[in-house]
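Spelled out from the first residue to the last, the chains are:
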Amino acid sequence: MTVLNRVAILGVTGSIGASTVDVVRRHPGRFRITGLSGWQQSSALGLLAAEFMPEMIATAPGHAGAVRVAGGLGLSSSQILEGPNALIRVAQSHNVDTVVTGIVGAAGLPPTLAAVQAGKRVLVANKEPLVMMGSLLMEEARRTGACILPTDSEHNAVFQCLPLPLQQRLTGNAPAGSTTGIGSEISRITLTASGGPFLHTPAAALANVSATQALEHPNWKMGPKVSIDSATLMNKGLELIEACALFSIPESQVDIVIHPQSIVHSLVEFCDGSLIAQLASADMRIPIAHALAYPERINSGATSLNLTAVASLQFEEPDTERFPCLRLAREAARAGGSVPTILNAANEVAVSAFQEGKLGFMQIPQLIERVLDALPGERVTSLEAVTYIDDKARQLAQHMLPSIVGTGV
């Protein structure tokens, strides 16, 4: 008999949230949504809450009334909380078994850490928590017995390629005395990147591309911030940093290849020379369904992959001259400590400025590199330290922004 899994979806009104909801709807006897957050999307959050009637709802300050109006009578028994602490309360609720973290940006870190500290099953679909304090999150999971399951398509693909004993080791279900990480059995991990909308755009033309063009991803339906990160290849750089934390592997053993079709989501090379890949349609419901039901498998609703229609697969090396964000991320992964946090903070400021038309596309990596050069890396041991470094890097990026804009490059 299947035990009902009580699920909280943080960021339910975003693309990850929508995919998670779709999977849950297909399996009403297996999952029950008991917690939701949607921040400022009050109407959408209220309607979803009315459908699933969760015990707890987290929203932005001043939005509880609008959420309740949108949800109507369906929210009569729901507790609606406001502000960042509301996210933490939902993540730690006794009525929640599994927390899906789909909040984009550094705002997703505190509730993700809270879920890990509460010993939950945590489906990490947002990059920033593992980028900003990956090793600390993994250590905390081992301490509390939390199960961290990678839900980003690339990391979930790596996880699926691993043999069961290694999966058990990573999720905290290995026999007592087992080592952590993937150990010596794995030689390399390869993460694939679509290359984004500007894969073959000449270098001279990249300076003039618009935010609207950057949002036109050829394969995936994602939110604006992640879409722009994909266009700069920073998305893949952040995933590289995540992979190092999740799988306890140095950046030198993580490769990035451009794969425009987004069919092969990751590859794992074993010490005997074997290479195992995970292939699937470009549909986030696949990794979400895998993580929700793990170690079982359930229908995700995704279209089956037709290999004869695909016919061939292309791979190429990324061009770090045209897309320097990938180089910066690899350097940050190599440095470790606070450097990935600085990288992420500067990138969030740069991407926001690009969206607002204040910064050119090729000025995004310029701003990030200047912030990285100005702030020395240091060891981080707590959420408070990470938050302080994040704030400091954001302030510096904002301060440097006018000088970057003034270059006109």
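Owing to the predicted nature of the structure, the values given are computational and were not obtained by experimental measurement. By convention here, each chain's residues receive numbers from 1 onward along its written sequence. Given that this is a predicted model, residues contribute local features only at a pLDDT of at least 70 and side-chain atom pairs are listed and counted only at 80 or more, while totals for whole chains, interfaces and linings are drawn from all residues. Only heavy atoms go into the side-chain values, all of them from the structure, while hydrogens and water stay out.

Let's talk about the sheet that holds strand S11 (residues 275-279)
Going by this rule: Whether two strands pair depends on DSSP finding at least two bridges between them. The helix count covers DSSP runs of H or I at least four residues long, the strand count covers runs of E at least two residues long, and both are numbered beginning at the N terminus. Fitting a line to C-alpha atoms yields each axis, with helices limited to the stretch in contact; the angle taken between N-to-C directions then spans 0 to 180 degrees. Pairs of residues are marked as contacts when any of their non-hydrogen atoms sit within 4.5 Å.
Ordered by their spatial adjacency, 4 strands build an open sheet running S9-S8-S10-S11, and the pairing between neighbours is mixed. If you trace the sheet from one side to the other, it starts and ends with strand S9 (254-258) and S11, each paired once. On average, adjacent strands in this sheet sit at an angle of 20° to one another, irrespective of strand direction. Taken together, the 5 bridges between strand S10 (residues 264-270) and S11 define a ladder with antiparallel strand orientation. If you follow Val-264 over to S11, its bridge partner there is Leu-279. Packed onto the sheet, helix H7 (residues 153-161) meets strand S8 (186-193), S10 and S11 and runs at close to 40° relative to S10.

Brief notes about the sheet that holds strand S4 (residues 79-82)
Taken in spatial order, the 7 strands of this open sheet run S4-S3-S2-S1-S5-S6-S7, and their pairing is parallel. Both outer strands of the open sheet, S4 and strand S7 (147-150), are each paired with one neighbouring strand and no more. Taken pair by pair, the neighbouring strands of this sheet meet at an average axis angle of 20°, ignoring direction. Here 4 bridges tie strand S1 (residues 5-10) to strand S5 (residues 98-101), and the two strands are oriented parallel to one another. Within S5, the position partnered with Ala-8 by the bridge is Val-99.

A word on the environment of Met-133
Along the chain, the position of Met-133 falls in helix H6 (residues 128-144). The sequence separation of Met-133 and Glu-216 amounts to 83 residues, and the corresponding C-alpha distance is 31 Å. Residues contacting Met-133, with those up to four places away along its chain left out, are Leu-109, Leu-113, Ser-382, Leu-383 and Val-386.

Things to note about the packing of helix H4 (residues 84-92) against helix H5 (residues 109-117)
Note the threshold: Angular relationships are summarised with four words: roughly parallel below 35 degrees, roughly antiparallel beyond 145, roughly perpendicular across 65 to 115, and oblique for the angles in between. Rotating anticlockwise by less than a right angle from the far helix to the near helix defines a left-handed crossing, while the corresponding clockwise rotation defines a right-handed one. All amino acids are sorted into three groups, where Ala, Val, Leu, Ile, Met, Phe, Trp, Tyr, Cys and Pro are nonpolar, Asp, Glu, Lys and Arg are charged, and the leftover types, Gly among them, are polar.
Direction vectors running N to C along H4 and H5 enclose 25°, while the axes themselves pass 8 Å from each other. The orientation of H4 with respect to H5, classified from their angle, is roughly parallel. The element H4 and its partner H5 pack so that their crossing is right-handed. Packed against H4, whose contacting residues are Leu-87, Ile-88, Ala-91 and Gln-92, the element H5 presents Pro-110, Pro-111, Ala-114, Ala-115 and Gln-117 at the interface. A per-class count over the contact of H4 with H5 returns 7 nonpolar, 2 polar and no charged.

Just geometry here; none of it tells us what the structure is for.
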